[in-house]
Amino acid sequence: MDQLQKDLEDMKCEAQRLAKEAEGKLEPLLPIIEKSEDLLRSLTLQDIAVVKALCSPPEAVNIAIDATLTALGRETGPDQRKALLKDSRFLELLFNFDRDSVNGELLKPYINDPKFEPDYQKRASRLGFVLSSWVTSLHTFSEACKDLKPMREEYSELLKRISITENAIANFENVDVDATSSK
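Residues numbered from 1 in each chain as written. Predicted model: local features only at pLDDT ≥ 70, side-chain atom pairs only at ≥ 80, totals over all residues. Heavy atoms only, no water.

How would you sum up the nonpolar core? Please name residues and give values.
Among the nonpolar cores identified, the biggest contains 31 residues, and Ile 65, Phe 90, Leu 127 and Trp 134 are the most heavily contacted of them. Elements represented by at least two residues in this core include exactly helix H2 (30-42), helix H3 (45-52), helix H4 (59-71), helix H5 (78-86), helix H6 (90-95), helix H7 (104-111) and helix H9 (126-182). Not counting chain neighbours up to four residues away, the residues in contact with Leu 127 comprise Leu 43, Asp 47, Ile 48, Val 51, Ile 65, Leu 85 and Phe 90. Residues Leu 148, Met 151, Leu 158 and Ile 169 belong to the second largest nonpolar core, which totals 10 residues. (Core = buried A, V, L, I, M, F, W, Y, C linked by side-chain atoms within 4.5 Å. Buried < 20%, exposed > 50% of the residue type's maximum accessible area, 1.4 Å probe, protein only. Helix = DSSP H or I, 4+ residues; strand = E, 2+ residues; numbered from the N terminus. Contact = heavy atoms within 4.5 Å.)

Describe the packing of aromatic side chains, with residues and values.
Here the structure, examined in full by the defined rule, presents two aromatic pairs. Judged by centre distance (5.4 Å) and plane angle (70°), the ring pair of Phe 97 and Trp 134 falls under edge-to-face. Of this pair, Phe 97 sits in the loop between H6 and H7 while Trp 134 is found in helix H9, placing the two residues 37 residues apart along the sequence. As far as the burial class goes, Phe 97 and Trp 134 line up, both buried. Considering the side-chain rings of Tyr 110 and Phe 116, the 6.2 Å spacing of their centres and the 50° angle between planes classify their relative orientation as tilted. Here the guanidinium or amino end of Arg 99 rests over the ring plane of Phe 141, the centre of that ring lying 5.3 Å away. (Phe/Tyr/Trp six-rings, centres within 6.5 Å; stacked < 30°, edge-to-face > 60°. Lys NZ or Arg CZ within 6 Å of the ring centre and 35° of its normal.)

Lay out the side chain of Asp 66 with the relevant residues and their values.
In this structure, Asp 66 sits in helix H4. Polar contacts involving the side chain of Asp 66 include one to the main-chain amide nitrogen of Gly 77, which spans 3.4 Å. (Polar contact = N/O pair within 3.5 Å; in protein donor to acceptor, adjacent residues only side chain to side chain.)

Encoded structure:
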């Protein structure tokens, strides 16, 4: 019993260490994510309307919208870009997006395209700038999470082992209580 309790304490310490290490690796990303979310909040319907009104938006803007569609898990192309810009929930989709669901590998072609870089986008349109900044932050977050995947798996396994050990201790204590009350 004493060994089980010692093992449990060791597992809890290891779980705390893993959680703290993961937090330390994600903490530097918070300003990047916050900045991109601030940019999203600053986006106006007018910013969208300017691009939507163009018969043929600049290539850079199309790249930013396609990258956004890819991040959202949607097909890309002219019809899909128009549909996204016409979607009355467009901003809501971005605000409520689950960044944990991003596949950073799918975003790499955009990230590596010089016309996608936020500074380049800034010259094309405000919408393109905001979207490219947002997608870039999603990619950065995704890459960091990919590096943390083994740690998350180890943490999850550790939590399962903690739960099993706690249940074993509780069962042992219940059996011990039952045995002493029967005497």
